[in-house]
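For reference, the chains in residue letters:
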Protein chains: 2
Amino acid sequence: MRLYGFWRSTATWRVRIALAHKGLAYEYRPVHLRRDGGEQNRDEFLALNPMRQVPVLEFEHEGQRVRLTQSIAILELLEELYPSPPLLPASALGRARARELAELVVSGIQPLQNTAVQRWVREALGADEAAWARHWVEKGLGALERRAAESAGRFLVGDALSFADLCLVPQLYFARRFAVDLAPYPTLTRVEAACAALPAFQQAHALAQPDAEG
Amino acid sequence: MRLYGFWRSTATWRVRIALAHKGLAYEYRPVHLRRDGGEQNRDEFLALNPMRQVPVLEFEHEGQRVRLTQSIAILELLEELYPSPPLLPASALGRARARELAELVVSGIQPLQNTAVQRWVREALGADEAAWARHWVEKGLGALERRAAESAGRFLVGDALSFADLCLVPQLYFARRFAVDLAPYPTLTRVEAACAALPAFQQAHALAQPDAEG
């Protein structure tokens, strides 16, 4: 497997945690999202992902060379092909809740603060992209805290690690980087601490990557 | 089942198609996203969904009253509980592709053009929210067309109807409403036409809903 990503890309980070949790080896290909206007905006990258985003996972499956984008699609495929150890709860309702909380981050927060949107807010609208990002991160984390307070145990959905936790941890790292006050989100930071104790989260951490600049 | 939604909300519309395709009856509760600042912004709505978005699906499961948000989480749960007729392809790679293309719309396009974001662009940034929406819709549809051209048959992923098609059709309706030129997306409009011939898509269409204003 080959993973194209960027050390602090939250979407890449989710996939790194899943790969580490399932014990899957992969080659890591850094794509620098900022340098020289972003390597994802070069012509060569278009064939990898026309959305010009990371992550992109390449792998062989039944003799076929496959390229897959979108972190949630990648997580679902890894879960189907390598179900153990699991990243979704055992019950249908538990899985629904995990997917709901994951999607709240994946479509409710991250798209509004990603590299391309921040740049457009700054360059095309002449607005403060950090204030923009904070606004949407705070709105989303507030909703996530409310939902998580109903479902969380050790992790966001009971005591079973799930996609939701994989989405939470990188999102909180981003929030701190943008000086978001995390005091209003005690459930989220408690679950984050539980995740931080797991080797998969340590291996997948942004600052543990070869392209980290932190 | 009870579905809280809005006639032209693209996320609600995806779920309506799934419910119609699987022949599931439901009570429809309109939530007007524009009137008086939006009914989703009233205090009562917070308990339904703290993200202040539709759709919200309420249902009984094994004696439990459940409330679920996020269209993709709802689609995945419906697929698990009512697998026939299916809305995901039979192969793992087919399912991965369907989820990838769905997510390209769900997290790659829709979050950037939804009601709350349009309002923020207009009111907080003083910018043209229609131009903003068009920019992101065109970027996303361009990428979707490229990926779909590799995988499409009658539908976006081969000849099997999937989540991807459920996301495509409402997104193209939105694009037309914002005067996006669809000529550069021949695969997408061809698949849209195939979908439009299916009764589930006709029943679920925005203009066929009791709260439609078109």
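Residues numbered from 1 in each chain as written. Chains lettered and ligands numbered in written order. Predicted model: local features only at pLDDT ≥ 70, side-chain atom pairs only at ≥ 80, totals over all residues. Heavy atoms only, no water.

Attention now moves to the interface of chain B and chain A. Taken together, the contacts link 46 residues of chain B with 47 residues of chain A. Counting each side, the surface lost to burial between chain B and chain A is near 4,300 Å², with a carbon and sulfur contribution of 69%. In this structure, the connection of chain B to chain A is made through 6 salt bridges. Linking Arg-95 of chain A and Glu-80 of chain B is a salt bridge whose minimum nitrogen-to-oxygen distance equals 2.7 Å. Inspection of the chain B/chain A interface yields 14 residue pairs in polar contact (both at pLDDT 80 or more). (Contact = heavy atoms within 4.5 Å. Buried area = accessible area lost by both parts, 1.4 Å probe. Salt bridge = Lys/Arg side-chain N within 4 Å of Asp/Glu carboxyl O. Polar contact = N/O pair within 3.5 Å; in protein donor to acceptor, adjacent residues only side chain to side chain.)

A separate point is the relation of the copies chain B and chain A. Overlaying chain B with chain A gives an RMSD of 0.0 Å, the required rotation being 180° about an axis along which the chain moves by 0.0 Å. These values place the two chain copies in the arrangement generated by a two-fold rotation axis. Closest approach to the rotation axis among the C-alpha atoms of chain B is made by Ser-107 of chain B, whose C-alpha sits 2.1 Å away. A shared binding surface is used by both copies, with 100% of the interface residues of chain B retained as interface residues in chain A. (Least-squares fit on C-alpha atoms with pLDDT ≥ 70 in both.)

Next up on the list: unusual backbone geometry. Residue and element names in this part refer to chain A. In this structure, Pro-85 follows Ser-84 across a cis peptide bond, with omega equal to -5°. When you line up the elements, Pro-85 lands in the loop between helix 3 (71-81) and helix 4 (92-106). The backbone of Asp-36 sits at a positive phi, close to 50°, despite the residue not being glycine. Along the polypeptide, Asp-36 turns up in the loop between strand 2 (27-30) and helix 2 (43-48). (Helix = DSSP H or I, 4+ residues; strand = E, 2+ residues; numbered from the N terminus.)

Attention now moves to the sheet that holds strand 2 of chain A. Residues and elements named next belong to chain A. Pairing is mixed in the open sheet, where 4 strands are placed in the order 2-1-3-4. Edge positions in the sheet fall to strand 2 and strand 4 (64-69), since each of these pairs with one other strand and no more. Going from strand to strand, the sheet's axes swing by 20° on average, the running direction of each strand aside. Together, strand 1 (2-5) and strand 2 form the strand contacts of helix 1 (residues 10-21), whose direction differs from that of strand 1 by roughly 155°. (Pairing = 2+ DSSP bridges. Axes fitted to C-alpha atoms, helices over the stretch in contact; angles between N-to-C directions.)

Moving on, we come to helix 4 of chain A. Helix length check: helix 4 of chain A (15 residues) gives 20 Å between terminal C-alpha atoms against 21 Å at 1.5 Å per residue, within 8%. For helix 4 of chain A, the tally of buried residues reaches 15 of 15 residues, placing the bulk of the element in the interior. (Expected span 1.5 Å × (residues − 1). Buried < 20%, exposed > 50% of the residue type's maximum accessible area, 1.4 Å probe, protein only.)

The subject of this paragraph is the state of the cysteines. Residue and element names in this part refer to chain B. Within this structure, the stated rule accounts for 0 disulfides over all chains. Cys-167 forms no disulfide, and the closest cysteine sulfur to it belongs to Cys-195, at a distance of 11 Å. The buried category is assigned to Cys-167, whose relative accessible area is 1%. Using a relative accessible area of 0% as the deciding quantity, one classes Cys-195 as buried. (Disulfide = S-S within 2.5 Å.)

Residues and elements named next belong to chain A. Bridge count between strand 3 (residues 56-61) and strand 4: 6 bridges; the pairing is antiparallel. The residue bridging Glu-60 from the neighbouring strand is Arg-65, located in strand 4. Count of turn residues in the strand 3/strand 4 antiparallel hairpin: 2 residues, of which Glu-62 carries a positive phi of about 50°.

This paragraph deals with the pairing of strand 1 (residues 2-5) of chain B. Residue and element names in this part refer to chain B. Pairing analysis gives 4 bridges linking strand 1 to strand 2 (residues 27-30), with the strands arranged parallel. In the strand pairing of strand 2, Arg-2 is matched with Glu-27. For the segment spanning strand 1, helix 1 (residues 10-21) and strand 2, crossover handedness is right-handed. Bridging between strand 1 and strand 3 (residues 56-61) involves 3 bridges; their strand directions are antiparallel. Across the sheet, residue Leu-3 finds its bridge partner in strand 3, namely Leu-57. (Right-handed = clockwise from strand over helix to strand, strands pointing away.)

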